[in-house]
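Okay, here's what each chain looks like letter by letter:
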Amino acid sequence: MLMNRQRAKLILGIAAGTLSLYSVAHQRFTEKMAKIAMDRDPAPMRWGKVRISGSAELESRSQLLHQAAQRLESRNCEIVVIQGKDGVRLVGHWRGSECPERVIIAMHGWRSSWSQDFGCIADFWHSHHCAVLYAEQRGQNNSGGACISFGLLERYDCLAWANWAGERTGGRLPIYLAGTSMGATTVLMAADLGLPPCVCGIAADSAFTSPPAIWKYVSENNLHIPYAPYRAGVARQCRRRTGMAADAASTTQALAHCRVPVFLIHGADDRFVPVEMCYENYKACPGSKRLLIVPGADHCMSYLLERETYEQMTKEFWERCERRWQQEKLRS
C-alpha cells in the first residue's frame, strides 16, 4: 500500500512538473510569435526554409521592386507629420500634381515601406493627375508607435490622413483610400469610421479579413504550427500591446456599413493572404463594388502580372466614383 502511494505521488509530481514546463514553454513561444508579428524591432528568428509571407516570386522580382522604390524616393516628396488619435507621430510623403484631379491616401503593408509597396504604381498615379499621400504605417520605419496592430489602430491613422488631405485640398478634390496587404486591410477597416465627405472610394489589394484570421492562416499553412493551442495567448499579447481585443475590428464588419464604392484586387495564387478572404470581403460589402482576381498572381503581384487590366479597371473605378461624388455634391 505504501509503495502504491509513493508511486502515485511520484507520477503526480512528474505530471505536475511536465505541465509546468509545458505552460512556461507555451507562454514563451506565444510571446516570441507576438514579437515577430507585432513589435517594432522583433528579435531575429531562424525559420530555415519556412516562408512566413509571400513566395519565391517576390524574391525573383525583388530587383524590379527595389528599382521602382528608388525612383519613387527620388521624386522629392514633401515630408508631412501629423499626430494619430492616440498622439503617436505619423509620417507621410506628399507627392503633389500640377493639375490634380484626385487625392490618394496610400497605406503600405506589414514590415514593408511606402516606396517598396507603391514604387511600381506611382508613375501611373502621377501621370493620371493624382496627388498622393504615401503614409508610413505606425510601428514601422519613421512613424512612431511601439507595435504593428494589423489594422486595429492603423485604421484610425488612415482616418487622420484622410482628414488631413481634405483640409489640405479644401475638400475640393475626391479622395481615395488605397492599400496593399495589411494596408489594404487598414483602408477597409476604416470604411465605417465616419470618413470625410470627400472620400469617394476605397481600393484594396490583397487584404486579409482580420488579425486573428491572418494569424491562424499563416500559422497553420506557412509555419505548419497549429493555431488553436495559442489562440488565447496571442489574444492576450495583442491586448497588452494595443489595448484592444484582437477581434475588435474586421474588414467584413466595416464593409457591412461602407457608404462608398469599393474596388477589391487579389492574386488567385496568393500564398500569404488566401484569395478566399477577398471573396469574403466582396460578399460582406452590400454597396457598389468591383472585383479583380488575377490568375497566377501571388501576394501583391497583381499589378505586375496584369498591369493593363489593373490600370483600366482603376480608371473606370475613378470615373464611376467621381461621377457619383459630383452627383451627391449637387444634391447636397
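Residues numbered from 1 in each chain as written. Predicted model: local features only at pLDDT ≥ 70, side-chain atom pairs only at ≥ 80, totals over all residues. Heavy atoms only, no water.

## Brief notes about the layout of surface pockets
When its volume is computed, the largest pocket comes out at roughly 740 Å³. Those elements that provide at least two residues to the lining of the largest pocket are helix H2 (56-60), helix H3 (62-73), helix H4 (114-127), strand E5 (175-180), strand E6 (199-205), helix H11 (302-305) and helix H12 (307-331). With seven residues, H4 is the largest single contributor of residues to the lining of the largest pocket. Broken down by class, the residue content of the lining of the largest pocket amounts to 22 nonpolar, twelve polar and four charged. Empty space within the second largest pocket amounts to approximately 160 Å³. Considering the residues around the second largest pocket, the lining is formed by Pro212, Ala213, Trp215, Lys216, Tyr227, Arg231, Val234, Ala235, Arg239, Ala245, Ala246 and Asp247. Those elements that provide at least two residues to the lining of the second largest pocket are helix H7 (211-222) and helix H8 (231-242). Here the lining of the second largest pocket is built from residues that sort into eight nonpolar, no polar and four charged. (1 Å grid on protein atoms, 1.4 Å probe; cavity = no way out; pocket = protein on both sides within 12 Å on 5 of 7 lines; lining within 4 Å. Points joined across faces, edges and corners; volume = space filled by probe spheres on them. Helix = DSSP H or I, 4+ residues; strand = E, 2+ residues; numbered from the N terminus. Nonpolar A, V, L, I, M, F, W, Y, C, P; charged D, E, K, R; others polar.)

## Comments concerning the nonpolar core
Formed by 75 residues in total, the largest nonpolar core has its most connected members in Ile104, Ile105, Trp125, Tyr134, Trp161, Leu177 and Ile202. Contacts of Ile104, omitting those with residues within four sequence positions, involve Trp125, Cys130, Ala131, Val132, Leu133, Tyr176, Ala178 and Trp318. Ranked by size, the runner-up nonpolar core spans 26 residues in total, among them Ile148, Phe208, Ile225 and Met277. (Core = buried A, V, L, I, M, F, W, Y, C linked by side-chain atoms within 4.5 Å. Buried < 20%, exposed > 50% of the residue type's maximum accessible area, 1.4 Å probe, protein only. Contact = heavy atoms within 4.5 Å.)

## Structural notes on H8
Within an α-helix, residues lying three or four positions from one another point in the same direction, as the helix has 3.6 residues per turn. The terminal C-alpha atoms of H8 lie 16 Å apart, and with twelve residues this matches the ideal 16 Å at 1.5 Å per residue to within 8%. Every buried residue of H8 is accounted for by Gly233, Val234, Gln237, Cys238, Arg241 and Thr242. Buried residues in H8, looked at end-on, bunch into an arc of 145 degrees, giving them a common side. When the buried face of H8 is taken as reference, the exposed residues oriented beyond 90 degrees from it are Arg236 and Arg240. A positive phi of about 75 degrees marks Gly243, the residue just after H8. (Expected span 1.5 Å × (residues − 1). Arc of directions from axis to C-beta.)

## Looking at the pairing of strand E3 (residues 102-107)
Across the six residues of E3, six count as buried, placing the element largely inside the fold. For E3 and strand E4 (residues 130-135), the ladder comprises six bridges, and the chain directions are parallel. Pairing of Met107 across the sheet is with Ala135, part of E4. Pairing of E3 with E5 involves five bridges; the strand directions are parallel. Bridge pairing links Ile105 to Leu177 in E5. (Pairing = 2+ DSSP bridges.)

## Some points on the environment of His66
By the element assignment, His66 lies in helix H3. Residue classification places His66 among the partly exposed residues on the basis of a relative accessible area of 38%. Considering only alpha carbons, one finds His66 and Gln116, 50 residues apart in sequence, at a separation of 6.7 Å.

## Quick notes on the sheet that holds E6
Strand order in the open sheet made by the eight strands is E1-E2-E4-E3-E5-E6-E7-E8, with mixed pairing throughout. This sheet does not close on itself; its edge strands, each paired only once, are strand E1 (78-83) and strand E8 (289-294). Direction aside, the axes of adjacent strands within the sheet are offset by 20 degrees on average. Across six bridges, E5 lies against E6 in parallel orientation. (Axes fitted to C-alpha atoms, helices over the stretch in contact; angles between N-to-C directions.)

## Observations concerning the side chain of Glu322
With respect to the helices and strands, the residue Glu322 is situated in helix H12. At 2.7 Å, the side chain of Glu322 and the side chain of Arg102 are in polar contact. Apart from the residues lying within four places of it in its own chain, the contact partners of Glu322 are Arg102, Pro174 and Tyr176. (Polar contact = N/O pair within 3.5 Å; in protein donor to acceptor, adjacent residues only side chain to side chain.)

## A word on empty space enclosed by the protein
Considering all chains together, one arrives at one cavity of 30 Å³ or more under this definition. There is about 330 Å³ of room inside the largest cavity. What lines the largest cavity is a set of 22 residues, and nearest its centre among them are Met33, Ala37, Trp215, Val218 and Leu223. Listed by contribution, the elements that provide at least two residues to the lining of the largest cavity are helix H1 (2-38) and H7. In terms of residue count, the dominant contributor to the lining of the largest cavity is H1 (seven residues). In terms of residue class, the lining of the largest cavity is made up of 20 nonpolar, two polar and no charged.

## What about the environment of Ala204?
Looking at the secondary structure, you find Ala204 in strand E6. The spacing of Ala204 and Ser181 is 23 residues in sequence and 7.9 Å in space, taken between C-alpha atoms. Residues in contact with Ala204, not counting those within four places in the same chain, are Gly179, Ala184, Val187, Leu188, Phe263, Leu264 and Ile265.

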